[in-house]
Amino acid sequence: MWAFGCLAATIAFVSTYAAQPDDSHHHLPAVVFTQTLNIEDATLQIDFAEGQLDLPRSEIVQRIQTATHAVVVYYGRFPVPRARILIIPVANRHGVLQGTTWGNMAGSPAFLRLRIGQTTTHDELTADWIITHELVHIALPSLPDDQHWLEEGIASYVEPIARVQAGELPAAKIWSDMMKGMPNGEPGPGDRGLDVTHTWGRTYWGGALFCLMADVEIRKQTGNRRGLQDALRGIVAAGGSIDKEWPLSRVLSIGDRATDTQVLEKMYAQWSIKPVPVDLPQLWIQLGIKAGPQGVSFDASAPLVAIRKSITSSKSVNN
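Residues numbered from 1 in each chain as written. Predicted model: local features only at pLDDT ≥ 70, side-chain atom pairs only at ≥ 80, totals over all residues. Heavy atoms only, no water.

Draft legend 1. Structural view of the overall build of the protein chain. If you tally the helices and strands in the protein chain, you get 12 helices and eight strands. For 319 residues, the compact-globule estimate of 2.2 N^0.38 gives 20 Å, and the C-alpha radius of gyration of the protein chain, at 19 Å, lies within 12% of that figure. Each principal axis of the C-alpha atoms in the protein chain carries an extent, and together these give about 55 × 45 × 45 Å. In the protein chain, which comprises 319 residues, the proportion classed as buried is 57%. Taking contacts inside the protein chain between residues at least 6 apart in sequence as the whole, the part at least 24 apart equals 73%. (Helix = DSSP H or I, 4+ residues; strand = E, 2+ residues; numbered from the N terminus. Rg over C-alpha atoms; globule rule 2.2 N^0.38 Å. Buried < 20%, exposed > 50% of the residue type's maximum accessible area, 1.4 Å probe, protein only. Contact = heavy atoms within 4.5 Å.)

Draft legend 2. Just the nonpolar core, in detail. Judged by nonpolar contacts, the single largest core of 89 residues is most densely connected at Tyr-75, Tyr-157, Met-182 and Trp-284. Here Tyr-75 is in contact with Val-136, Ala-139, Ile-154, Val-158, Leu-232, Arg-233 and Val-236, once residues within four sequence places are set aside. The next biggest cluster of nonpolar side chains, apart from the first, holds seven residues, and it includes Leu-86, Ile-88, Ala-106 and Phe-111. (Core = buried A, V, L, I, M, F, W, Y, C linked by side-chain atoms within 4.5 Å.)

Draft legend 3. Just the side chain of Thr-259, in detail. Relative to the helices and strands, Thr-259 is located in helix H9 (residues 248-259). The class for Thr-259 is buried, based on a relative accessible area of 3%. With near-sequence residues (within four places) excluded, Thr-259 lies in contact with Ile-218, Thr-222, Arg-226, Gly-227, Asp-230 and Ala-231.

Draft legend 4. Structural detail: the packing of helix H5 (residues 148-165) against helix H6 (residues 171-181). Packing of H5 against H6 leaves a shortest axis separation of 9 Å and a crossing angle of 165°. Between H5 and H6, the angle is such that the two are roughly antiparallel. For H5 against H6, the interelement crossing comes out left-handed. Across the interface between the two elements, Tyr-157, Pro-160, Ile-161 and Val-164 of H5 pack against Ala-171, Ile-174 and Met-178 of H6. Of the residues contributing to the contact of H5 with H6, the split by class is seven nonpolar, no polar and no charged. (Axes fitted to C-alpha atoms, helices over the stretch in contact; angles between N-to-C directions. Parallel < 35°, antiparallel > 145°, perpendicular 65-115°, else oblique. Left-handed = near helix turned anticlockwise from the far one by under 90°. Nonpolar A, V, L, I, M, F, W, Y, C, P; charged D, E, K, R; others polar.)

Draft legend 5. Layout of the pairing of strand E8 (residues 295-298). Here strand E7 (residues 289-292) runs beside E8; their pairing, made up of four bridges, is antiparallel. If you follow Ala-291 over to E8, its bridge partner there is Val-296. Hairpin connection between E7 and E8: a loop of two residues separates the two successive antiparallel strands. (Pairing = 2+ DSSP bridges.)

Draft legend 6. Structural detail: the packing of aromatic side chains. Counted under the stated rule, the structure contains six aromatic pairs. Summarising the aromatic geometry, the rings of Trp-102 and Phe-111 are spaced 5.8 Å apart at their centres and angled 35° between planes, so their arrangement reads as tilted. Exposure class is identical for Trp-102 and Phe-111. Each is buried. On the basis of an interplanar angle of 85° and a centroid distance of 5.5 Å, the ring pair of Phe-210 and Trp-271 is categorised as edge-to-face. In this pair, Phe-210 is assigned in helix H7 (residues 200-221) and Trp-271 in helix H10 (residues 263-271), connecting sequence segments 61 residues apart. Like Phe-210, the residue Trp-271 is buried in the burial classification. (Phe/Tyr/Trp six-rings, centres within 6.5 Å; stacked < 30°, edge-to-face > 60°.)

Draft legend 7. View of the environment of Val-158. Relative to the assigned elements, Val-158 resides in helix H5. Taking the C-alpha atoms as reference points, Val-158 and Ala-208, separated by 50 residues in sequence, lie 8.5 Å from one another. Residues within four places of Val-158 in sequence aside, it is in contact with Tyr-74, Tyr-75, Val-136 and Leu-232.

Draft legend 8. Up close: the pattern of salt bridges. Scanning all chains against the criterion turns up nine salt bridges. Among the ionic pairs, Arg-163 bridges to Glu-159, the shortest N-O distance being 2.9 Å. Residue Arg-163 and its partner Glu-159 are both found in helix H5; the two are separated by four residues, about one turn of the helix. As far as burial versus exposure is concerned, Arg-163 and Glu-159 are alike and both buried. As a salt-bridge pair, Lys-315 and Asp-230 come within 3.4 Å of each other at their nearest N and O atoms. Of the two residues, Lys-315 sits in the segment after helix H12 (305-311) while Asp-230 sits in helix H8 (residues 228-237), which places them 85 residues apart along the sequence. (Salt bridge = Lys/Arg side-chain N within 4 Å of Asp/Glu carboxyl O.)

Draft legend 9. The environment of Thr-120, seen in detail. With respect to the helices and strands, Thr-120 occurs in the loop between strand E6 (108-117) and helix H3 (122-127). As for Thr-120 and Val-90, which are separated by 30 residues in sequence, their C-alpha atoms are 9.8 Å apart.

Spelled out as structure tokens, the structure:
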């Protein structure tokens, strides 16, 4: 159940909301158990609402800690000094059912609500991608509604890559999922660009496709010294997190300065207002990814093989 592979089946249950300075309209259930994790210089408060869970709470806390580690590996830090996660057990259901993330709510810069089924198994929890996806949402300022596709696109693109970098997933699996899913992000008839065409495919897969193409282009222009990861780290380093409301122009400008390119701003100028198709079969050939009955295989002689490897390789904070 990796993000790209399961996006179509579960995307309706994953969401993020802009900064909420007042949580009076959100009636939160009473908390019956709390555990606090210290993550370098940050604090993560994990609250459990009333309800039965077959798994011990400690196992759910451990899964959250694993997801948090992947986010720290990718961004080089936890994006906010404090975050809160509320676990709501759902009777007679199984799996991580829903995730929602807000900024400036419930007394925390970032607040995540996770609905987890009572009968969730160890394997289901281990395979979950929603927790990591929601944590990635913390690492971007809240954007205007027309740019919601970038919020979801970044979370959908970064989540599996972060888990590969953290040693949680094999790279071959997420490239296989990209090959299957990225065509959903291509513009269709009547498309007017990502800022205007707010379909499911364009919002989630279209946003992820934008991220993939930006990542590849940044690496091409910088001799593979920088990538989208550097841009996103730069945004977080400048204070860009979900509790802030920034115009997209500021986000893209900071990201481009971090890579010493203009890739994000130039791509947005095109992709936002008109359909930009991508020759995905040719891209996979260039990256050296071949689909087969047993998954994907890699062509070591492909021209962009170094870029493909760098995208999923862990990166030091100062690198």
